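# Overview (structure and organization)
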Amino acid sequence: MEDLLQVGAITQTHGLRGEVKVFPTTDDAKRFKKLKEVILDTGKEKTVLEIEGVKFFKQFVILKFKGFDDINDIERYKGKNLYVTRENAVKLKKDEYFIADLIGIKVYDENEEYLGVLKDVIVTGANDVYDIALEDGRSLLLPAIKQCVLAVDMEQRKMKIHILDGLLDE
């Protein structure tokens, strides 16, 4: 399982005083208010940045990092991702999982027949949809609802599902 979980991506600078506009990749953008630090992945290294200020603008989060007081200090980080450690991640409720932890999990039907691997989670307005790469090369788009997802065992990296009638029809 991943040690770091992505919470956002820096899209551009905001103003001249070192603030950045961040597109949140977390379900709850308000969580930035509680964060004290994030980890910036520059591609070459990971750097811990202390959060000095948080504002919200449309679907973006405006962050100000301690020690970055000028647009020139922060401009080179446009397009870079921000992460938190698992300890700083939001606490999950029962039957909630981080998408990063679900990717690659083995998928079985209710008869314990191996079907394939979960390759992506599509976030929709109503419920998530699991994109499962089946052994025969097809894809199964499975709604992440209790009728379809019967059990998830993160330790065994195994998911048991029920395929509703019509989901696998040609």
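Everything that follows concerns the structure shown earlier in this document.
These figures come from a predicted structure and were not determined experimentally.

What follows is about the pattern of salt bridges. Scanning all chains against the criterion turns up 10 salt bridges. A salt bridge links Glu 50 to Lys 66, with the nearest nitrogen and oxygen atoms 3.9 Å apart. Of this pair, Glu 50 sits in strand S4 (residues 46-57) while Lys 66 is found in the loop between strand S5 (60-65) and helix H1 (71-74), placing the two residues 16 residues apart along the sequence. When its relative accessible area of 44% is taken as the criterion, Glu 50 is described as partly exposed. Judged by relative accessible area, which is 49%, Lys 66 ranks as partly exposed. When the shortest N-O distance is used, the salt bridge between Lys 64 and Glu 52 registers 3.4 Å. Placement of the pair is Lys 64 in strand S5 and Glu 52 in strand S4, with a sequence separation of 12 residues. Residue Lys 64 is classed as buried on the basis of its relative accessible area of 11%. Its relative accessible area of 48% is what places Glu 52 among the partly exposed residues. Shared partners join several salt bridges into a network, and the residues in it are Glu 52, Lys 64 and Asp 69.

Moving on, we come to the sheet that holds strand S9 (residues 129-134). The strand order across the open sheet built from six strands is S10-S9-S8-S7-S12-S11, with neighbouring strands paired in mixed fashion. Of all strands in the sheet, those bounded by a partner on one side alone are strand S10 (139-143) and strand S11 (149-153). Neighbouring strand axes in the sheet, compared pairwise and without regard to direction, differ in orientation by 35° on average. Note: S9 against S10, five bridges, orientation antiparallel.

Together, Ile 99, Ile 103 and Val 123 make up a nonpolar patch on the protein surface, roughly 230 Å² of accessible area in all. With respect to the helices and strands, the residue Ile 103 is situated in the loop between helix H2 (99-102) and strand S7 (106-109). On the basis of relative accessible area, Ile 103 is assigned to the partly exposed category, the value being 32%.

With that settled, the discussion passes to unusual backbone geometry. Excluding glycine, residues mostly have negative phi values, and the peptide bonds linking residues are mostly trans. Positive phi, normally seen in glycine, also occurs at Glu 112, with a value near 65°. Relative to the helices and strands, Glu 112 resides in the loop between S7 and strand S8 (114-122). The partly exposed category is assigned to Glu 112, whose relative accessible area is 37%. The backbone phi angle of Arg 157 is positive, close to 55°, even though this residue is not glycine. Structurally, Arg 157 can be placed in the loop between S11 and strand S12 (158-161). Judged by its relative accessible area of 28%, Arg 157 falls in the partly exposed class.

What counts, and where the lines are drawn
Residues numbered from 1 in each chain as written. Predicted model: local features only at pLDDT ≥ 70, side-chain atom pairs only at ≥ 80, totals over all residues. Heavy atoms only, no water. Salt bridge = Lys/Arg side-chain N within 4 Å of Asp/Glu carboxyl O. Helix = DSSP H or I, 4+ residues; strand = E, 2+ residues; numbered from the N terminus. Buried < 20%, exposed > 50% of the residue type's maximum accessible area, 1.4 Å probe, protein only. Pairing = 2+ DSSP bridges. Axes fitted to C-alpha atoms, helices over the stretch in contact; angles between N-to-C directions. Patch = residues over 30% accessible without salt bridge, like charges linked within 9 Å, V, L, I, M, F, W, Y side chains within 5 Å. Areas by Shrake-Rupley, 256 points an atom, 1.4 Å probe, with all protein chains shown as cover.

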